[in-house]
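Structure at a glance
Read off the chains here:
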There are 2 protein chains.
Amino acid sequence: MTTQLLGTSFIGYSRSSGTEICGHGIQPGTCTVLEPAYMAATPDEVEKALSLAAAAFPAYSQLPGKTRAVFLRAIADGIEGVVEDIVERGQLETALPEPRLRGETGRTVCQLRMFAKQIEEGSWVDARIDRAQPDRKPLPKADHRAMLCPLGPVAVFCASNFPLAYSVAGGDTASALAAGCPVVVVAHSSHPGVAEIVANAVIAAAQANGMPEGVFSVLYGGGRKVGQAVVKHPVIQAVGFTGSRAGGTALMATANARPQPIPVYAEMSSVNPVVILPSALVRGEEALAEAFFGSLTLGVGQFCTNPGLVFLPVNTGEVFLAKLKSLIEAGSPSMMLNAGICKAFADATSSFATAAGVATLARSTTEAGSGQGAPMAFIVSVADFLKSEVLQGEMFGPATLIVRGSLEEIEAAIPHLEGQLTASIHSTVEELAAHPGLVPALQNRSGRLIFNGFPTGVEVCDSIVHGGPFPATSDGRSTSVGTMAIFRFTRPVTWQSFPDALLPAELQDANPLGIKRMES
Amino acid sequence: MTTQLLGTSFIGYSRSSGTEICGHGIQPGTCTVLEPAYMAATPDEVEKALSLAAAAFPAYSQLPGKTRAVFLRAIADGIEGVVEDIVERGQLETALPEPRLRGETGRTVCQLRMFAKQIEEGSWVDARIDRAQPDRKPLPKADHRAMLCPLGPVAVFCASNFPLAYSVAGGDTASALAAGCPVVVVAHSSHPGVAEIVANAVIAAAQANGMPEGVFSVLYGGGRKVGQAVVKHPVIQAVGFTGSRAGGTALMATANARPQPIPVYAEMSSVNPVVILPSALVRGEEALAEAFFGSLTLGVGQFCTNPGLVFLPVNTGEVFLAKLKSLIEAGSPSMMLNAGICKAFADATSSFATAAGVATLARSTTEAGSGQGAPMAFIVSVADFLKSEVLQGEMFGPATLIVRGSLEEIEAAIPHLEGQLTASIHSTVEELAAHPGLVPALQNRSGRLIFNGFPTGVEVCDSIVHGGPFPATSDGRSTSVGTMAIFRFTRPVTWQSFPDALLPAELQDANPLGIKRMES
């Protein structure tokens, strides 16, 4: 490994001198303790990181998009330069296989370059110009111009299940930096070493490109202690989080209790319902079961988009179920991300297995080893499903619940679902024509509708929504993936009757940036 | 008056049978009780209005924009048809002068037509299309298409100070209906008769255009009782409110405490700082004082954009102050909107007058009669201003606080201001060049920046932001005025791999609506 790990926080361009150990990387399964020890940032250092972020905001937020883009591209380049270190350390800390770590690093780099491209081009600010009409009757109209502006320093919490794409330099950080917001990252205890490797790359890019100190800091010390202090701090103007429902709702409560409440973008909890209509089974029940099993077990089921709930009409799909059963029974247990997630998965599957009316359809015939999660599926009637609070919850891992009833019962159950990231429908166009309310009902409960497919594998693009009504996310008006994610860290501002010289370039008469604008 | 007032709520297309009197219209000043008595909606009726809204949502939200636009235009036409009733009843209930009531009715009608035009054109949904790339390596790309969709039923609270433009069929209602959301209005106790006249027009337009019952209801019974019940109800998906900070923060707390938290758009509290640099005084101190006095006393100061705070450097502006003093002393007390607002104004001005370091610059030499508010101005040093919590508060009425210090002190004070709807700067371009941080600092504290002007008189257009960081609004990412207001009641949704026939028209391949789209 070329990176020397120090085990200390990044306070702007300095390193922490804290000496209180807050944890080590731990190898899943073996529970081997990895060096170095990680030291919690001291309260003074947390304060300093936030002060630096506040001080950096005026300069950083006023930089041209093209200049911020150079910074984002330099981060991407820097991460590519340490990919071998990431893969080496990542395998130790997370048990994720090498191809996944390489792939996720690639996604992270792509995300940084996607936001760089977005702010280089510049039209994303939604510039609007209403020119003055001095002769308008009965009152003259003043010149009004508006565009989106950055909110201020943003706190980003690293995700356990995305050590790269939703951690130190992941989608939240990239979109906040792109918008013009300094970022204070709270590292996740599951992969502190990967965090340090990536943080080094970000800091190097910031320094090499003359970014103001404080544009980026990374704090160790845990989400509960350091994280709460960061979210409470008046400097912070928004929060990005991917993790558990308990963690996300705790941050929402803290943010709402501030003298000045701030937006929290927490991506928390989703079971991603899949509705299978009879016409989809006609096309091949075994192939459908194989595709579903692939989605269910991808990444040991540790994705927010894991299909944890399937509605399957009664008197259909027996071949689908038989095939799924055989796939699950033959499926191998695999190492999960950390001991906490593994225990939570075991607890959740136990609760499901013992809930009223639930039968176990299948579980892996191979005993799960230490730290492992094994595929399994449960089955219940719509009536029993609707009676249970437990069964609407998430089993974070490779397990799913199959809910059976008449098509009418299934349609009637949809509006009772909690908010979801995704909803999938398997059908023909013709069969859906007989159920015109089904897609709108699924739309009302989710942020992404999928036709004849499964929800894992989130495409990072302009048209993706990775968000949905609570509790899928804390703020269903947002997405944490794709170019629309930048909007989370902005607000519109109007300039009224300003001389051209005092306007941002985006709003000047000559349109020097050549961006798309709404003009009247 | 041609409208017969019944004093009952509108529960979809029925009228309430509640018999508990919750209030009457009261003539400001004389305190004359106006007939009829208004009856609170019963809890069953509140429930029914909300159930109807929920039932109306699927059909209403899927209507083409052009169809919803016909409904909005019919409301506008209907309101124009009862303008004489509005003016007659409005003068009794609110003491607002006839030209203001006619003007505000005109603004309300214009807003409805502005949103109608926006949804007829249709590009506001921000349609995005990422076409499939089946041959992409290493993985094929699926077709993704996204657009903004309505949130669900919206609760709208009428504003005391805008009986038309921010009440029954005001900006919140118009933008929510435009977005595709049914609306449940909570009437304000200050102008129940005007509410009933306007509600009749909305209901008539809904029925004449075949809108689903429940697309619109109006409840009497007060914000605290009926209003809290509405905001707590699971059917409601967002809240629009214009009023006091106490009222707005109470609604925020209720919304956040729901099992499913929902967005609240509360426009609450702003003192709209005005910064006067010496170069602006050179152009004519007396004219500047006259313009400021005009803004301060417009509508008896009862606007959210009233300029309640002026930063004036020491050793300048003595002529400005002398002129302002003479204008205020000669200024007439005028009738305020209701007894509560009048008392709150008296209390606030008393608190300011007796706060440490505050001197009274001027007050009207005419004694204020019952229900009236009189112009006044106070003066304080930057140092004493910053020490006081009271002095950052709002005096809702024709009163202002002039804060004096060195230009350096004034610049240093700006970041300590609470969030504001507006900030005004009076200067030359040249003088601002010597203070490059001043406009960005004001930008960071407000939603609208005004150069050499005053904040009253909000232009309703594409480029207006009537919003700002808390406590100006509960959600500084939004505006309650202008076409961007529609975004408050929407969230993005992705359709992945959907056949064309199952896509909304906005996202279909042929672009049948001819809207602007982002395509790749």
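Rules used in this analysis
- Sequence positions are assigned chain by chain, starting from 1 and proceeding in written order.
- Chains carry letters from A onward and ligands carry numbers from 1 onward, assigned in written order.
- Reporting in this predicted model follows two pLDDT cut-offs: at least 70 for local features of residues, and 80 or more for side-chain atom pairs to be given and counted; totals over whole chains, interfaces and linings ignore these cut-offs and use all residues.
- The least-squares superposition of copies is restricted to C-alpha atoms, and to residues with a pLDDT of at least 70 in both copies.
- In this description, a residue-residue contact is defined by the distance between C-beta atoms placed from the backbone, which must lie within 7 Å.
- Each helix is a run of H or I in the DSSP string that is no shorter than four residues. Each strand is a run of E no shorter than two, and both are numbered from the N terminus.
- By the convention adopted, Pro, Cys, Tyr, Trp, Phe, Met, Ile, Leu, Val and Ala count as nonpolar, Lys, Arg, Asp and Glu as charged, and the other residues, Gly among them, as polar.
- Two strands qualify as a pair provided that DSSP identifies no fewer than 2 bridges between them.
- Axis definition: a line fit to C-alpha positions, over the contact stretch in the case of helices; interaxial angles, taken between N-to-C directions, run 0 to 180 degrees.
- All domain edges in this entry derive from an automatic or database-based domain assignment.
- Put simply, angles under 35 degrees are roughly parallel, angles over 145 are roughly antiparallel, angles from 65 to 115 are roughly perpendicular, and the rest are oblique.
- Working rule for handedness: look at the near helix, and if it is turned counterclockwise from the far one by less than a right angle, call the crossing left-handed; if clockwise, right-handed.

1. Regarding the relation of the copies chain A and chain B
Turning chain A through 180 degrees and shifting it by 0.0 Å along the axis lays it on chain B, with an RMSD of 0.0 Å. The relationship between the two copies is best expressed as a two-fold rotation axis. Taking C-alpha positions as reference, the residue of chain A nearest the rotation axis is Asn256(A), located at 3.8 Å.

2. Details of the interface of chain A and chain B
Taken together, the contact between chain A and chain B spans 53 residues of the former and 53 residues of the latter. The greatest single-element share of the side of chain A that touches chain B, amounting to 6 residues, is contributed by strand β21 (residues 490-496) of chain A. Each residue belonging to the side of chain A that touches chain B can be placed in one class, and the counts come to 28 nonpolar, 16 polar and 9 charged. Relative to strand β20 (residues 446-451) of chain B, β21(A) runs parallel, the two sharing 3 bridges. Residue pairing for β20(B): Trp495(A) is matched across the bridge by Leu449(B).

3. A short note on the environment of Ala356(B)
Within the secondary structure layout, Ala356(B) lies in the loop between α12 (339-353) and β15 (359-363). Setting aside anything within four residues of it in sequence, one finds Ala356(B) in contact with Asp384(B) and Ser388(B).

4. Describing the sheet that holds strand β13 (residues 309-313) of chain B
Judged by pairing direction, the sheet is mixed, and its 11 strands sit side by side in the order β22(A)-β5(A)-β6(A)-β21(A)-β20(B)-β19(B)-β12(B)-β13(B)-β18(B)-β17(B)-β15(B) without closing on themselves. Two strands close off the open sheet at either side, each with one partner strand: β22 (518-519) of chain A together with β15 of chain B. Sheet topology places strand β12 (residues 273-276) of chain B next to strand β19 (residues 420-426) of chain B; 3 bridges connect them, and they run parallel. Bridge pairing in β19(B) links Val274(B) to Ser424(B). The strands touched by helix α11 (residues 318-330) of chain B within the sheet are β15 and β17 (376-381) of chain B, with β15(B) carrying the most contacts at an inclination of about 55 degrees.

5. Re the domain arrangement of chain A
When the domains of chain A are assigned, the result is domain 1 (10-131 + 141-268 + 476-507) and domain 2 (273-451). Class assignment of the residues belonging to the side of domain 1 of chain A that touches domain 2 of chain A gives a composition of 2 nonpolar, 7 polar and 2 charged.

6. Examining the packing of helix α4 (residues 98-121) of chain A against helix α5 (residues 171-179) of chain A
Residue and element names in this part refer to chain A. Direction vectors running N to C along α4 and α5 enclose 20 degrees, while the axes themselves pass 9 Å from each other. Overall, the two elements α4 and α5 adopt an arrangement that is roughly parallel. When you trace α4 past α5, the crossing you get is right-handed. Between α4, through Gln111, Leu112, Phe115, Gln118 and Ile119, and α5, the contact on the second element is made entirely by Gly171, Ala174, Ser175 and Ala178. For the contact of α4 with α5, the residue count by class is 5 nonpolar, 4 polar and no charged.

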